[in-house]
Amino acid sequence: MNPIPPTNWAQALAQLQSQFAATLSHAERTAGTRPLANLSDWLQTFNEPTDPTTTTAQAPGLAFMANPWPSSVSPVTVGTGRWGVAATRYQEALAALHKAWLKIGIEAWSRLHGALTTNETMDNLRASYDLWIYYGEQVFAEQAHGQHYAGLVSELINAQVVLHLECGIGNQPSSDDPQQLRQELAEARSREASLRSDLKTLRESHGDDSTSSLGPAKKVRVRPTSSRKKLTKKRSTKQADRTDAQKTAPANTQGARKKTVKKKPRDAKPRLGDSRR
Amino acid sequence: MSHTVDKSTQALAARLARSLAQLAQLGVPEIGTSQHETIFSGRGFRLLRYGSGSERAQACPVLIVYALVNRPWVLDLEPQRSIIARLMDAGLDVFLVEWTDPGQDDQGTTLTDYICDMLDQCVDATCTARHETTVNLLGVCQGGTFSLCYSALFTHKVRNLITMVTPVDFHTEDNLLSHWVRDVDVEQMVSCYGNVPGAFLNALFVALQPFRLGGKKALDLADLADDYDRLQTFARMEHWIADSPDQAGRAFADFLTMLFQRNSLVKGQMVLGGRAVRLDDIRCPILNVYALADHLVPATASRALAQHAGCTDYTELAFDGGHIGIYVSRHAQQQIPPKVAAWLQARQ
């Protein structure tokens, strides 16, 4: 529990993270907690860029793709003929995402390096680490919102599913699923929808407002301006203390950037008099 | 500089080691400790009612609809971080829909089953318990989307609707998750797994902020050394984050395809049980609560509701925080429940 701190801060972080993850995963009170994405592996990616397959899949955010095999199954237990194509597809998808991650990592590292170089007073380990996180998320956000990255993620998910399918891994669909009952339920719902539609048509043909007979929505929909004012006044009276407190509360408390409670004016809903129905 | 970094490293290592040791000494974290009882249950759900005593009958009721993803206990993480407790403090009679884990036989459970059947049963049971004909719904995250669909289909049963960090427009530019799953072959996934593993979703959520959630969170633990209250909170949060239930395959596929991939709700093309779900059919008052720094459900995705809801009484409440912070941060505890309660009580 008392590590000997190494002199290199990156190694220190890697060691601490590794120790943290190990302790957390073994702690009884966090039973069920998944292992954290491993920073040490991520950092190692830069130390050993020539061995991508063993590191990148375990980089932050990719841990779930690190091993496509459930604990009880491994590639050697299934015949190659069944999963060869799927395995190749998965490896290619993983490699493509790895490439994107390397690009993100290198760019984040570059920005961090630039920041540390220009700021000579930056000798605080924690501040340096926070900067690494900041630039990492910054570059990640730039890349991850693009279509290219989205395609890489979805392809990796699809490839893993295909791999599992080819190998017969996963829950088989239940044989006693009450499909007939569900079908009948769906048909009943469809009949109900049809009847509701007929009812609505009938009501409209008799000049009746179908919605207005259904409860509170009626009050909001047809409420004249005068009654809206009355409601507002009533609410103001009932909630005077609370409202006043809200109005006078400081706008920026406990880290708040902005606190808004906006009441949308009636005129701001142009479709109200322009119902599609 | 090297000497300073060495000392800094030592200090950080010592603090982190102390935090880890103390964390290991803590017992199993208790979550969801507010007093409650199960008043109704069915296949796939339980309906809980919080508090006790006859005074509940005089309080304004609210039925919370949580998401299928993760557990609702984040709304009652610990006594001092409990949206549910604060809502009760503010004078509300709180009900909660707790979705139960799907089994092998639930692989075919559809989104329609959840919204038009199970949620409808919970609404009816709440009405019965309250001797009323309508409910106030508070939908959280995906549960908010469920609540919107329900309110559009069962207009006569919903008196007021509150949506909290609820995705409405799934195709806003900043919706990272939506971008990623747009081309996922969900039918193949469901045919493979039956029910979709919760662990898969968990990992995907972490992947949205990999540096913060994969690295910074671990090192920040060093700040918690000797602070047992915060260590307990940390352990509870980790426990909640990891405890992610599997998703009923068919319903998962429905949700992903209809909403994440086709964005059917805001396009007016969503159909449940043969009935069109149209947001402009919602005429009851709406309070839309969203988080400005939400990385899972961007504020833009939530605020789209203003353009599509058919009600005249629409209010927005912006929270300066993230998707989880809106449930558990002290700031949220002070801000959100009192305003939700006041909004509801003004419309009773």
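Residues numbered from 1 in each chain as written. Chains lettered and ligands numbered in written order. Predicted model: local features only at pLDDT ≥ 70, side-chain atom pairs only at ≥ 80, totals over all residues. Heavy atoms only, no water.

The secondary structure content of chain B amounts to 15 helices and 10 strands. What you see for chain B is a C-alpha radius of gyration of 21 Å, in line with the 20 Å of a compact globule of 348 residues. Its C-alpha atoms put chain B at 70 × 50 × 40 Å along the principal axes. Counting all 348 residues of chain B, 70% fall into the buried class. Across chain B, contacts joining residues at least 24 apart in sequence account for 78% of those joining residues at least 6 apart. (Helix = DSSP H or I, 4+ residues; strand = E, 2+ residues; numbered from the N terminus. Rg over C-alpha atoms; globule rule 2.2 N^0.38 Å. Buried < 20%, exposed > 50% of the residue type's maximum accessible area, 1.4 Å probe, protein only. Contact = heavy atoms within 4.5 Å.)

Moving on, we get to the confidence of the model for chain B. Of the residues in chain B, 98% have a pLDDT of 70 or more, and the chain-wide mean is 92. Overall fold confidence (pTM) sits at 0.74, and the ipTM for the predicted complex is 0.89. (pLDDT = per-residue confidence, 0-100.)

Y149 of chain A together with W99, F146, W180, L272 and Y327 of chain B are the most contacted members of the largest nonpolar core, which has 163 residues in total. No other element matches the 12 residues that helix α3 (residues 80-118) of chain A contributes to this core. Residues contacting Y327 of chain B, with those up to four places away along its chain left out, are V74, L75, I83, V140, C141, M164, V165 and Q333 of chain B. (Core = buried A, V, L, I, M, F, W, Y, C linked by side-chain atoms within 4.5 Å.)

A few words on the packing of aromatic side chains. In total, this model carries 17 aromatic pairs over all chains according to the counting rule given. Judged by centre distance (5.8 Å) and plane angle (85 degrees), the ring pair of F140 of chain A and Y149 of chain A falls under edge-to-face. Exposure remark for Y149 of chain A: the relative accessible area of 4% places this residue in the buried category. An aromatic cluster is present here, built from W101, W109, W132, F140 and Y149 of chain A together with W180 and F211 of chain B joined pairwise through their rings. The lysine or arginine in question, R275 of chain B, covers the ring of F154 of chain B, its NZ or CZ lying 5.3 Å from the ring centre. (Phe/Tyr/Trp six-rings, centres within 6.5 Å; stacked < 30°, edge-to-face > 60°. Lys NZ or Arg CZ within 6 Å of the ring centre and 35° of its normal.)

Another aspect to go through is helix α6 (residues 186-193) of chain B. Residue and element names in this part refer to chain B. The complete set of buried residues in α6 reads V186, M189, V190, C192 and Y193. When α6 is viewed along its axis, its buried side chains cluster within an angular range of 160 degrees and face the same direction. Note on α6: the residue one or two positions beyond its end, G194, has a positive phi of about 75 degrees. (Arc of directions from axis to C-beta.)

The subject of this paragraph is the pairing of strand β6 (residues 158-164) of chain B. Residues and elements named next belong to chain B. Counted residue by residue, β6 has 7 buried out of 7 residues, so it is predominantly covered. Where strand β5 (residues 135-140) and β6 come together, 6 bridges link them in parallel fashion. Bridge pairing links V135 to V158 in β6. One crossover worth recording links β5 to the parallel β6 by way of helix α4 (residues 142-153), and it is right-handed. For β6 and strand β9 (residues 286-291), the ladder comprises 4 bridges, and the chain directions are parallel. Residue pairing for β9: M164 is matched across the bridge by V289. (Pairing = 2+ DSSP bridges. Right-handed = clockwise from strand over helix to strand, strands pointing away.)

All names here are of chain B. Packing of helix α3 (residues 111-130) against α4 brings their axes to within 10 Å, and their N-to-C directions diverge by 75 degrees. In terms of orientation, α3 and α4 fall into the roughly perpendicular class. Counted together, L111, Y114, I115, C116, L119, D120 and V123 of α3 and F146, C149, Y150 and L153 of α4 form the full contact between these two elements. Of the residues belonging to the contact of α3 with α4, the class tally is 10 nonpolar, no polar and 1 charged. (Axes fitted to C-alpha atoms, helices over the stretch in contact; angles between N-to-C directions. Parallel < 35°, antiparallel > 145°, perpendicular 65-115°, else oblique. Nonpolar A, V, L, I, M, F, W, Y, C, P; charged D, E, K, R; others polar.)

Our next topic: helix α15 (residues 330-345) of chain B. If you check α15 of chain B, its first and last C-alpha atoms are 23 Å apart, about what 16 residues at 1.5 Å a residue would give, namely 22 Å. The element α15 of chain B is largely enclosed, with a buried count of 13 among its 16 residues. (Expected span 1.5 Å × (residues − 1).)

Our focus in this paragraph is empty space enclosed by the protein. All names here are of chain B. The tally for this structure, following the rule as stated, stands at 5 cavities of 30 Å³ or more. The volume enclosed by the largest cavity comes to roughly 90 Å³. A67, L68, W99, T100 and P245 are, among the 15 residues lining the largest cavity, the residues nearest its centre. Here the residues of the lining of the largest cavity are counted per class, giving 9 nonpolar, 3 polar and 3 charged. (1 Å grid on protein atoms, 1.4 Å probe; cavity = no way out; pocket = protein on both sides within 12 Å on 5 of 7 lines; lining within 4 Å. Points joined across faces, edges and corners; volume = space filled by probe spheres on them.)

Of note, G91 of chain B is situated in the loop between α2 (83-89) and β4 (92-99). Excluding anything up to four places from it in sequence, G91 of chain B contacts A59, C60 and Q345 of chain B.

Turning our eyes to something else, we now look at unusual backbone geometry. All names here are of chain B. Here N70, not a glycine, exhibits a phi torsion of approximately 65 degrees, which is positive. Position of N70 relative to the elements: it lies in the loop between β3 (60-65) and α2. If you check the backbone angles, D226 has positive phi at about 70 degrees while not being a glycine. On the secondary structure map, D226 appears in the loop between α8 (210-220) and α9 (228-242). Judged by relative accessible area, D226 falls into the partly exposed class, the value being 47%.

Attention now moves to the side chain of S244 of chain B. Residue and element names in this part refer to chain B. Within the secondary structure, S244 sits in the loop between α9 and α10 (249-261). Judged by its relative accessible area of 12%, S244 is buried. When sequence neighbours within four positions are dropped, the list of residues in contact with S244 reads V69, N70, G198 and N202.

Residues and elements named next belong to chain B. Applying the stated criterion across every chain, the model contains 28 salt bridges over all chains. The salt bridge involving D89 is made with R86; its shortest N-O contact spans 3.0 Å. Highlighted residues: D89 and R86, both in helix α2, separated by 3 residues, approximately one helical turn. Here D227 makes a salt bridge to R230, at a shortest N to O gap of 3.9 Å. On the basis of relative accessibility, which here comes to 25%, the residue D227 falls in the partly exposed class. (Salt bridge = Lys/Arg side-chain N within 4 Å of Asp/Glu carboxyl O.)

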